[in-house]
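Next come the chains, spelled out residue by residue.
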Amino acid sequence: MRTFRIALAQTNPTVGDLDGNTRRIIDYVDRARDLGADLVAFPELAIPGYPPEDLLFKPQFIQENIRKLREVASASRDIAVVVGFADANSYVYNAAAVLYNSEVVGKHHKIYLPNYGVFDEERYFQAGAECPVFSIAGTPVGVNICEDIWFAVGPTAVQRAAGAEVIVNVSASPFHAGKRGTRERMLSVRAADNGLFVAYVNMVGGQDELVFDGGSIIHDPLGEEIARGRQFEEDLVVADLEVEAVFRSRLRDTRPRSERSGSLDDVGRAVHVHVSDAPAGPRPALKASYPGTAPEGAAEVYAALVLGTRDYVRKTGFEQVYVALSGGIDSSVVATVAADALGPGNVTGVSMPSRYSSEGSVLDARGLAEALGLKLWEIPIEGPFSAYLDALEPRFEGSEPGTAEENLQSRIRGMLVMALANKFGGLVLTTGNKSEMAVGYATIYGDMAGGYAVIKDVPKTLVYELAEYRNSLGEGSVIPESVLTKPPSAELRPDQKDEDSLPPYEVLDPILKAYVEDDLGFDEIVGMGFERDVVEHVVTLVDRNEYKRRQAPPGIKITPRSFGRDRRMPITNRYRPF
């Protein structure tokens, strides 16, 4: 049997850290060589990091990333390396280089450039025109990049028709809940339809609002999974592919013979590059390894939040974070994620009770901090609140207390927690969830003040699921049960409840999903069984509060359509769907 040993290195690069990314790549090249791999593949744009955005408009950045490619090439002794970088001649390309014995032996320029959702690749890159097949260790290997493999009649089909027995797809596929299953089904179909091995290597780590979840995977010519990388952490996946099976299966598969060649010609032209002959002699035996079942549901989302928070804080150069602890569900979940991401010693909770804070909420904040092992600083805000009211009294005189007075409390808290971070060094994590951000149930320059919004894209109902999941992990409940059972309240006036201003979250969240994520029309949402006046109220709040969301800190993308990178609406907008 002809065996091809492949390694997939799902690395966690930092955008712009060309030196650090290169060192990490060379370290994994050495590890893969020691395991006797014929080829090791790295994610899309692994050298510059993904997405580099407008760094790609800087010629110096592009040239330095190309110089780093040459450093990686110098480490490619006796092993083929596939690595993502930004290539340039007259244009800039999203490229994958194939390296061997200190040489750049070939390249693939990404053909299909995504320009939807969080992707903006047509802004930066020129599309490629070739679909290369590399003969590596005597095995024909097609190399393509991320979006290229999502098309049934695409580079993979061209490379299969040109004789490829293995496809290596290097990717940077951002996470959202449920995406992994869709992605893996596509890869399985692509392997089975083309009768070859598909080895997919995905980036891992947090980059601003995006989280990349790893989960690199290899499918055999029947579409069966044969190896998998861990989710949400770096990993090196190594497997032996019995490529003789591809030749045998193709003897019996007549489908490619019936395929119209013209359709493949429209994708790109196939080119052949010889890299290396089959190796001689034995190599180290591989240990069977499998990371177990990938997390799903709330567990998957929680892992993404932890990774995204850890990487954002660390990659931006911070160590300490501050969380305003109200004793409510949102701040409790944010503080718990932060403690799991950074260690409790790097998280300070700040309790800032007012005249309207219940004793139960103060005790819940203390209980959470004790259970997590956090520092808790208590700073009552009655003094500054009274001072603000006294200062404004001549102008407020004769008016009834209302939203302005309520928001003063939130703004005092935002100012105080920002002052602590400013004084002692650190980053403030805000605690607003997607439901609140959608309808503007948040105070600009108040609870929206901070550097990173951990649950910005997490609907309120999912926040409760995350709390219950975290409490189920075995070491006892860290989030007090009373936090999960008491009615949600901002506690900015006597006996205030969220439902005084909003529909119950069990009603609000499905309406928001329909309007914000699914783009359903007004009558379609009403047709789902919701009251017309409730839908009108929610839609009006969403449209009216775009200006607030534009001023919110970045936060982790969790849903298929997040505010900001995915959903981009005008602030000045008179269109109403009813």
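Thresholds, definitions, all that
Residues numbered from 1 in each chain as written. Predicted model: local features only at pLDDT ≥ 70, side-chain atom pairs only at ≥ 80, totals over all residues. Heavy atoms only, no water. Helix = DSSP H or I, 4+ residues; strand = E, 2+ residues; numbered from the N terminus. Rg over C-alpha atoms; globule rule 2.2 N^0.38 Å. Buried < 20%, exposed > 50% of the residue type's maximum accessible area, 1.4 Å probe, protein only. Contact = heavy atoms within 4.5 Å. Areas by Shrake-Rupley, 256 points an atom, 1.4 Å probe, with all protein chains shown as cover. Salt bridge = Lys/Arg side-chain N within 4 Å of Asp/Glu carboxyl O. Pairing = 2+ DSSP bridges. Axes fitted to C-alpha atoms, helices over the stretch in contact; angles between N-to-C directions. Phe/Tyr/Trp six-rings, centres within 6.5 Å; stacked < 30°, edge-to-face > 60°. Core = buried A, V, L, I, M, F, W, Y, C linked by side-chain atoms within 4.5 Å.

Regarding the overall build of the protein
- Across its full length, the protein holds 19 helices and 20 strands.
- Expected size for 578 residues packed as a compact globule is a radius of gyration near 25 Å; at 27 Å, the protein falls within 12% of this value.
- Oriented by its inertia axes, the alpha-carbon framework of the protein measures out at about 85 × 50 × 45 Å.
- Residues classed as buried in the protein amount to 56% of the 578 residues present.
- Pairs at least 24 residues apart make up 76% of the contacts formed inside the protein by residues separated by at least 6 positions.
- In the structure as shown, the protein presents an accessible area of about 24000 Å², 50% of it carried by carbon and sulfur atoms.

Observations concerning the pattern of salt bridges
- Using the criterion set out here, one finds 42 salt bridges in the structure.
- Glu-382 serves as the salt-bridge partner of Arg-355, at 2.7 Å between the closest nitrogen and oxygen. Taken together, the residues span a long stretch of sequence, with Arg-355 in the loop between β17 (347–351) and α10 (359–372) and Glu-382 in helix α11 (residues 382–396) at a distance of 27 residues.
- With relative accessibility at 30%, the residue Glu-382 sits in the partly exposed group.

Concerning the pairing of strand β7 (residues 139–145)
- Counting buried residues along β7, six of its seven residues qualify, which places the element largely inside the surrounding structure.
- Where strand β6 (residues 130–136) lies against β7, four bridges are found, and the strand directions are antiparallel. Bridging from a neighbouring strand, Ser-135 pairs with Pro-140 of β7.
- Hairpin remark: β6 followed by β7, antiparallel, with two residues in the connecting loop; positive phi at Ala-137, about 55°.
- Looking at chain direction, β7 and strand β8 (residues 166–171) are connected through five bridges and run parallel. Each bridged residue has a counterpart across the sheet, and for Asn-144 the counterpart in β8 is Asn-169.

Thoughts on unusual backbone geometry
- Cis rather than trans, the peptide bond between Tyr-50 and Pro-51 has omega equal to -5°.
- Structurally, Pro-51 can be placed in the loop between β2 (39–41) and α2 (59–74).
- A positive phi angle is found at Cys-146, which is not glycine, with a value near 40°.
- Cys-146 sits in the buried class, given a relative accessible area of 6%.
- Its identity is not glycine, yet Tyr-445 carries a phi of approximately 65°, on the positive side.
- Here Tyr-445 is to be found in the loop between α13 (434–439) and β20 (452–453).

Description of the sheet that holds β17
- Taken together, five strands build an open sheet; the order of strands is β18-β17-β16-β19-β20 and the sheet is parallel. Two strands in the sheet have a free side with no partner beyond their single neighbour: β18 (375–378) and β20.
- As defined by bridge partners, β17 adjoins β18 across four bridges and the pair is classed as parallel. Residue Thr-348 lies in a different strand from β18, and its bridge partner there is Lys-375.
- Sitting on the sheet, helix α9 (residues 329–342) is in contact with β16 (321–324), β17 and β19 (427–430), with an inclination near 165° to β16.
- Where helix α12 (residues 403–424) meets the sheet, it contacts β16, β17, β18 and β19, and its direction lies at approximately 165° from that of β16.

Quick word on the packing of aromatic side chains
- Under the definition given, this model contains 11 aromatic pairs.
- Ring plane angle 10° and centroid distance 3.9 Å describe the contact between Tyr-312 and Tyr-452, whose orientation is recorded as stacked. Note that Tyr-312 is positioned in helix α8 (residues 297–315) and Tyr-452 in strand β20, a separation of 140 residues in sequence. Across this residue pair, the class does not change: Tyr-312 and Tyr-452 are buried.
- Centroid distance Trp-377 to Phe-424: 5.7 Å. Interplanar angle 70°. Geometry classified as edge-to-face. Pair noted here: Trp-377 is in strand β18 and Phe-424 is in helix α12, with a separation of 47 residues, a long-range link.
- Note on Phe-424: relative accessible area 51%, which makes it exposed.

Focus: the nonpolar core
- If you look at the biggest cluster of nonpolar residues, it comprises 48 residues, and the most contacted ones within it are Leu-305, Leu-429, Val-454 and Ile-558.
- Going through the elements one at a time, α8, β16, α9, α10, β19, α14 (460–471) and α15 (481–485) are the ones with two or more residues in this core.
- Among residues more than four places away in sequence, those in contact with Leu-305 are Val-337, Val-454, Ile-455, Val-458, Leu-466, Ile-556 and Ile-558.
- Judged by nonpolar contacts, the second largest core, of 41 residues, contains Ile-25, Ala-37, Phe-119 and Tyr-124.

Brief notes about the sheet that holds strand β12 (residues 217–219)
- In spatial order, the strands read β13-β12-β9-β8-β7-β6-β15; together these seven strands make up an open sheet with mixed pairing. Either end of the sheet is taken by a strand with one partner, and the two such strands are β13 (225–228) and β15 (269–274). On average, each strand axis in the sheet is inclined to that of its neighbour by 20°, with strand direction left out of account.
- Pairing between β6 and β15: six bridges, direction parallel. Considered in β15, the bridge of Phe-134 is made with Val-273.

Considerations on the side chain of Glu-209
- Within the element layout of this structure, Glu-209 appears in the loop between β10 (204–207) and β11 (210–213).
- Look past the residues within four positions of Glu-209 in its chain and what remains in contact with it is Tyr-452, Lys-456, Pro-554, Gly-555, Ile-556, Lys-557 and Arg-565.

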